[in-house]
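Next come the chains, spelled out residue by residue.
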Amino acid sequence: MNRITASQAGLIDCHHCGEVCRDVGATEGEAHCPRCDALMHRRKPGSLARTWALLITAVILYIPANVLPIMHTSTLFESSSDTIVSGVLVLWKGGSWDIALIVFVASVVVPVLKILVLAILLISVRRASNWRPHDRARLFQIIEKVGHWSMLDVFVVALLVALVHFKTYATVEAGPAIVAFGAVVVLTMLAAKSFDPRMIWDSPESAVAPENIESQVSQHE
Amino acid sequence: MRSQLAICDHCDTVHQRVEIPRGTNAHCQVCGCALYSNRTTNIDALLAISVSALIVFIIANAFPIVIVELGGEQNQTTLWGAILASYESGISFVAGLAALLVFFFPMMLILLSLYIFLPMRFGIDVPGFAKAMRLLDAVRPWSMVEVFFLGVLVSLVKLSGDTDVTPAMGLWGFAVLTLLMTLLNSVDMHELWDIHGRKRR
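To start, this report covers the structure provided alongside it. Just so we're clear, the structure is a prediction, and the values are computed from it rather than from any experiment.

Details of the interface of chain A and chain B
The extent of an interface is frequently quoted as the accessible surface area lost upon association of the parts.
Now for step 1: Listed as interface residues are 56 residues of chain A and, on the opposing side, 53 residues of chain B.
Now for step 2: The set of elements that each furnish at least two residues to the side of chain A that touches chain B consists of helix 1 (6-9), strand 1 (11-13), helix 4 (97-126), helix 5 (133-146), helix 6 (152-163), strand 5 (165-166), strand 6 (170-174) and helix 7 (177-194) of chain A.
Now for step 3: Sorting elements by how many residues they give to the side of chain A that touches chain B places helix 6 of chain A first, with 11 residues.
Now for step 4: Here the side of chain A that touches chain B is composed, by residue class, of 35 nonpolar, 12 polar and nine charged.

Next comes the structure, spelled out in structure tokens:
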């Protein structure tokens, strides 16, 4: 692959304002952008460890989020508890297959996809894999874009709790799983933010040999 | 003079900036992500959107979102009604999330936009401009008005089977706010910095 990276060229760019600067070798965490004063990183520091920590916490919390009920409904005649998945099934059986699909994608597909993709990215980066970088980069962009839609169920529960408190007929109360689920969404969003996608392209095969750097820079300038 | 180089945020590849046709984006040749664009970012329009967003934000929060009726008993809620009900129901974490993601962060986003676009429109330097820009960038992904709006629609469907549901003013407020926040969120920070740089010279 014929390319040169900023770190090879001794350049560093500001992710906030896009300014390109010469890397003067400042200690990581001390280099500020001359234009906007944002902190600049060659690579996000401790990205792998931080992303792993957030992701593993999210995976652990994902278990109670799915096993425990997200809400309890009690009516005059019966009371029932819903988990995330049973809530989707109730909507499906009630004939609102379209809404059921939306909730299923937001509450099940997106979180699972995020956890799997981040795990694949972390493992492949750790092994300095050269495997389909384009697809891995695309996957990362997708989970970064759609991640926040998982918060849907959290807002639905908050709204139902507020709206359904008819003294004699029906009440809805929140279950513990919604807290765990909300935490999973926040943690996976933080995990995606702490992952540095530039690491996907840092595998040794895609790097330019040091002796060729000078000639490549001049080609670009 | 702006740097002749552009570096891809996603893969760190160095590119030389080239002239591109109006209204198009330049993409990274390695990973395909957007690098820079040649679009006319209209500060007038952004200022108008920010002012509208502030007004709509107030409307969306001041009026009930939906009214539900069951056996002669009526309930309604605003955003803050839902936040307080969650808090009283023992899920203060959910209440906190809703308050931050649907109220405080969107409010910050609107106020920061006003603080940035108003002086930019009239070519005035304000203290803390850079800080406001960085804060705007940091807050943006955590503003979830659009997700909340979808949540309202899902709740409507869930309730419509067993109760009489009437959409109220707040619902329309959040519908319009979703649109305005999406427009505000689509602004490219790199582009804003370039405009800011050009105006000062």
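Resuming the write-up.
Considering the sheet that holds strand 4 (residues 79-82) of chain A
Now for step 1: With respect to topology, four strands assemble into an open sheet ordered 4-3-6-5 (chain A), the strand pairing being antiparallel. The open sheet is flanked by strand 4 and strand 5 of chain A, the only strands paired with a single partner.

Things to note about the nonpolar core
Now for step 1: By size, the foremost hydrophobic cluster in this structure holds 120 residues, and its most contacted members are A:Phe155, A:Val157, A:Ala158, A:Ile178, A:Phe181, B:Val94 and B:Ala98.
Now for step 2: It is helix 7 of chain A that contributes the most residues to this core, 13 residues altogether.
Now for step 3: If near-sequence neighbours (up to four positions away) are discounted, A:Ile178 is found in contact with A:Ile70, A:Met71, A:Asp153, A:Val154, A:Val157, B:Ile91 and B:Val94.

Side note on helix 2 (residues 79-88) of chain B
Now for step 1: Restricting attention to buried positions, one finds in helix 2 of chain B the residues B:Leu79, B:Ala82, B:Ile83, B:Ala85 and B:Ser86. Down the axis of helix 2 of chain B, the smallest arc covering the buried residues is 165°, so these residues share one side.
Now for step 2: Buried residues along helix 2 of chain B sit against helix 6 and strand 6 of chain A together with helix 1 (43-62), strand 6 (73-77) and helix 3 (92-121) of chain B.
Now for step 3: Looking at the residues trailing helix 2 of chain B, positive phi occurs at B:Gly90, about 90°.

Thoughts on unusual backbone geometry
Now for step 1: Of note, the phi angle at A:Arg132 is positive, near 35°, even though the residue is not glycine.
Now for step 2: Take A:Arg132: it is sitting in the loop between helix 4 and helix 5.
Now for step 3: We note that B:Asp12 has phi near 75°; this positive angle belongs to a residue other than glycine.
Now for step 4: The topology assignment puts B:Asp12 in the loop between strand 1 (5-7) and strand 2 (14-16).
Now for step 5: The class of B:Asp12 is buried, set by 28 C-beta atoms lying within 10 Å.

What about the environment of A:Leu139?
Residue and element names in this part refer to chain A.
Now for step 1: Among the secondary structure elements, Leu139 is positioned in helix 5.
Now for step 2: We classify Leu139 as partly exposed; it has 19 C-beta atoms within 10 Å.
Now for step 3: Once the C-alpha coordinates of Leu139 and Leu121 are considered, the two residues, 18 residues apart in sequence, prove to be 9.0 Å apart.

Focus: the environment of B:Thr13
Now for step 1: If you trace the backbone, B:Thr13 turns up in the loop between strand 1 and strand 2.
Now for step 2: Through-space distance from the C-alpha of B:Thr13 to that of B:Ala130 is 26 Å; in sequence the pair is 117 residues apart.
Now for step 3: If near-sequence neighbours (up to four positions away) are discounted, B:Thr13 is found in contact with A:Arg3, A:Thr5, B:Cys8, B:Cys28 and B:Val30.

About the criteria used
Residues numbered from 1 in each chain as written. Chains lettered and ligands numbered in written order. Predicted model: local features only at pLDDT ≥ 70, side-chain atom pairs only at ≥ 80, totals over all residues. Contact = placed C-beta atoms within 7 Å. Helix = DSSP H or I, 4+ residues; strand = E, 2+ residues; numbered from the N terminus. Nonpolar A, V, L, I, M, F, W, Y, C, P; charged D, E, K, R; others polar. Pairing = 2+ DSSP bridges. Core = buried A, V, L, I, M, F, W, Y, C linked by C-beta atoms within 7 Å. Buried ≥ 20, exposed ≤ 12 C-beta atoms within 10 Å, placed from the backbone. Arc of directions from axis to C-beta.

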